[in-house]
Amino acid sequence: MKDRSLLMIPGPIEFEPEVLKALGAPTTSHVAPGFIDDFGGALEKMRKVWLAPEGQPFIVAGSGTLAMELAGANLVEPGDRALVLSTGVFGDRYEDLLARHGADVTVLRAPIGRTLDLNQVEDGLKGDRYKLLTVTHVDTSTAVRMPIRSIGELAQRHNVLSVVDGVCSVAGEEIRQGDWNLDVVLTASQKAIGVPPGLALLVASQRAMETFAARSTPVRSYYADWAKWMPIMAAYEGRKPSYFGTPAVNLVAALDVSLCQIVDEGMTARFARHELLAGAFRAGVRALGLDFVATERDHRANTLTACRYPEGVAAADLLSAIRSAGVIVAGGLHPEIKSEYFRVGHMGAVCMGDILATLGAIETGLRNVGHEVEAGIGVAAALEWQAGNKG
Ligand SMILES: *Cc1c(COP(=O)(O)O)cnc(C)c1O
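Just so we're clear, the structure is a prediction, and the values are computed from it rather than from any experiment. Counting restarts for each chain, with residues numbered from 1 along the sequence as it is written. pLDDT decides what is reported in this predicted model: residues at 70 or higher carry local features, side-chain atom pairs at 80 or more are listed and counted, and totals for whole chains, interfaces and linings draw on all residues regardless. Side-chain descriptors were evaluated using all non-hydrogen atoms of the structure, hydrogens and water having been removed beforehand.

**With respect to the sheet that holds strand E10 (residues 199-204)**
The pairing of strands in a sheet happens through backbone hydrogen bonds and is either parallel or antiparallel.
Piece 1. If you walk across this open sheet you meet the seven strands as E2-E10-E9-E8-E5-E3-E4, and the pairing is mixed. The sheet is open, and its two edges are formed by strand E2 (56-61) and strand E4 (104-109), each paired on a single side. Each strand of the sheet is rotated relative to its neighbour by a mean of 20°, with strand direction disregarded.
Piece 2. On top of the sheet, helix H2 (residues 33-50) reaches E2, strand E9 (184-188) and E10; it is set at about 125° to E2, its chief contact. Note on pairing: two strands pair once DSSP finds at least 2 bridges between them. Segments assigned H or I by DSSP are reported as helices when at least four residues long, segments assigned E as strands when at least two residues long, and all are numbered from the N terminus. Here an axis means a line fitted to C-alpha atoms, over the contact stretch when the element is a helix, while the angle between two N-to-C directions is reported on a 0 to 180 degree scale. Any pair of residues with heavy atoms lying within 4.5 Å of one another is described as a contacting pair.

Quick look at the structure:
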């Protein structure tokens with residue numbers, strides 16, 4: 001029998017059958033006309049999904065961390081000053097990464113579960129001449145969402161490049177890269193983009209590409225160097241064969257299918273669906289008596305939720321009880337509070353049925369570890385929320 005458990009973690013997520021079909025198709029040459037068309041089409045659709053009509057898209061085999069490295073390696077030179085806005089584990093990862101490429105890094109770190117105050121960010125930008133700032137849109141270790149539109153405005157005003165780690169947000173949370181003047185927005189295939197792990201994806205602004213072109217030192221990573229990849233992207237988009245490193249043929253074909261589905265849904269509708277489902281899920285979680293890691297309502301992400309365990313419930317017991325009830329959720333990730341919370345991803349092809357199944361499994365899990373909850377209370381609250389917030 002097919003394993004029918006539902007995967008509700010912050011990536012990899014549940015994938016659409018059409019996407020998996022493309023992944024399972026016979027592998028062609030990376031210069032076969034059909035593949036060139038898939039690659040070129042995927043690049044064109046990325047601009048629509050990122051809402052960045054002037055942007056330069058990149059598709060490179062690797063994970064989200066490579067996407068972070070592509071931005072860092074190409075935009076900083078040794079001695080450049082960088083400001084990292086950290087709301088959790090992935091902000092801290094960017095600190096490490098930029099330092100490795102020789103940047104002089106300053107970190108503004110938010111208390112766990114909170115965002116950074118915009119005045120504090122602006123004060124930081126005023127004082128020092130930074131070349132670049134990074135911000136994690138949704139930090140997957142806390143489910144805190146940063147107001148990247150305002151951060152983009154601040155960066156623009158202070159003439160600093162803005163790099164958005166959107167690995168847990170692109171194609172789920174609202175991002176309008178062009179209108180919001182964000183210089184790099186990066187992600188990975190396995191999150192809200194809806195393709196199995198293996199592709200690093202980013203779109204860079206013209207300003208970012210000009211900064212790259214003006215470098216006085218070579219990029220310190222051979223594989224990540226945009227100078228190697230730019231001609232490849234240009235060739236495929238022009239429907240011509242090209243080669244630097246063998247592209248992940250099947251994954252790129254699957255990406256083209258998924259981006260097509262995303263564009264068909266429409267970005268505004270897609271953002272609204274994520275918002276509606278996240279609201280319904282949080283209403284259910286709240287009704288079950290659980291609290292959130294993200295302290296402020298407006299800072300809670302629409303792509304995943306970090307839920308605190310109720311008093312007296314042990315992490316390992318509840319996670320395995322939820323799994324036995326048919327839904328796989330993720331444990332804590334932030335080292336300081338790891339054992340105090342669990343994470344539920346609700347992005348990509350997620351639907352109300354998935355939300356209700358997950359709330360039902362959490363309820364069953366709670367009961368099976370001896371924590372009494374009223375039957376059906378979480379599911380009822382989610383349905384009620386949906387009825388009150390539709391359209
Ligand atoms: C998942 C994630 C990453 C890392 O992506 P990998 O594919 O695991 O390398 C980076 N940043 C954020 C916000 C993420 O959610």
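**Some words on the site of the ligand**
Piece 1. Put simply, a residue is near a molecule or strand once any heavy atom of it comes within 4 Å of that molecule or strand. With respect to spatial proximity, 14 residues lie near the ligand, and among them Ser63, Thr65, Thr140, Asp165 and Lys191 are the closest.
Piece 2. In protein, a polar contact requires one atom able to donate a hydrogen and another able to accept it; more generally it is a pair of N or O atoms within 3.5 Å, and residues adjacent in sequence count only if both atoms are side-chain atoms. At 2.7 Å from an oxygen atom of the ligand is found a main-chain nitrogen or oxygen belonging to Gly64.
Piece 3. Thr65 places a side-chain nitrogen or oxygen 2.6 Å from an oxygen atom of the ligand.
Piece 4. To be clear on the numbers: accessible area is Shrake-Rupley with a 1.4 Å probe, and residue cover counts the displayed protein chains and nothing else. Alone, the ligand offers 390 Å² of accessible surface; in the complex the protein occludes 88% of this.
Piece 5. Those elements giving two or more residues to the shell around the ligand turn out to be helix H3 (64-75) and helix H4 (89-100).
Piece 6. Per element, the largest residue contribution to the shell around the ligand is three residues, and it comes from H3.
Piece 7. Think of it as three bins: nonpolar holds Ala, Val, Leu, Ile, Met, Phe, Trp, Tyr, Cys and Pro, charged holds Asp, Glu, Lys and Arg, and polar takes everything else, Gly as well. Classifying every residue of the shell around the ligand gives five nonpolar, six polar and three charged.

**Section: the pattern of salt bridges**
Piece 1. Each salt bridge in this description consists of a side-chain nitrogen of Lys or Arg and a carboxyl oxygen of Asp or Glu lying within 4 Å of one another. Across all of its chains, the model carries 19 salt bridges by this definition.
Piece 2. Here Glu265 and Arg270 are joined by a salt bridge, their closest N and O atoms 3.0 Å apart.
Piece 3. The exposure class assigned to Glu265 is partly exposed, which follows from its relative accessible area of 30%.
Piece 4. When a residue's accessible area, from a 1.4 Å probe over protein chains only, is under 20% of the maximum for its type it is buried; when over 50% it is exposed; and in between it is partly exposed. What makes Arg270 buried here is its relative accessible area of 6%.
Piece 5. Measuring nitrogen to oxygen at the nearest pair gives 2.9 Å for the salt bridge that ties Arg308 to Glu340. Here Arg308 is found in strand E11 (residues 304-308), whereas its partner Glu340 is found in the loop between strand E13 (330-331) and strand E14 (341-345), with 32 residues between them in sequence.
Piece 6. Here the residues in one salt-bridge network are Asp37, Glu44 and Arg239, joined through shared partners.

**Description of the sheet that holds E11**
Piece 1. Strand order in this open sheet of three strands is E11-E14-E13, and the pairing throughout is antiparallel. With partners counted over all chains shown, the strands left at the sheet margins are E11 and E13, one partner each.
Piece 2. Alignment of E13 against E14, held across two bridges, turns out to be antiparallel. Bridge assignment links Ala330 to a residue of E14, and that residue is Arg343.

**What to know about the domain arrangement of the chain**
For interface size, the figure often reported is the accessible area lost on association.
Piece 1. The split into domains, and so the bounds of each, comes from an automatic or database assignment of domains. Domain boundaries in the chain define domain 1 (6-11 + 266-389) and domain 2 (17-265).
Piece 2. Taking only C-alpha atoms into account, the centre of domain 1 sits 28 Å from that of domain 2.
Piece 3. If you look at the interface, domain 1 gives 32 residues, while domain 2 gives 32 residues.
Piece 4. Summed over both sides, the interface of domain 1 with domain 2 buries roughly 2,600 Å², with 58% coming from carbon and sulfur.
Piece 5. Linking domain 1 with domain 2 are three salt bridges, by the criterion used here.
Piece 6. Close ionic contact of Glu296 with Arg114 constitutes a salt bridge, the shortest N to O distance being 3.8 Å.
Piece 7. Counting across the interface, domain 1 meets domain 2 through 18 residue pairs in polar contact (both at pLDDT 80 or more).
Piece 8. Of all the secondary structure elements, the ones that give two or more residues to the side of domain 1 that touches domain 2 are helix H10 (267-287), E11 and E14.
Piece 9. By residue number, the principal contributor to the side of domain 1 that touches domain 2 is H10, which donates seven residues. In short, buried area is how much 1.4 Å probe accessible area vanishes from two parts on joining, totalled over both.

**Focus: helix H6 (residues 148-157)**
Piece 1. All of the buried residues in H6 are Ile148, Ile151, Gly152, Leu154 and Ala155. Angular distribution of buried residues about the axis of H6 spans 165°; they occupy a single face of the element.
Piece 2. Buried residues belonging to H6 abut strand E3 (81-86), helix H5 (118-127), strand E5 (132-136) and strand E8 (161-165).
Piece 3. Asn159 occupies a position one or two residues after H6 and carries a positive phi of about 55°. Summarising the geometry, the arc corresponds to the directions from the helix axis toward the C-beta atoms.

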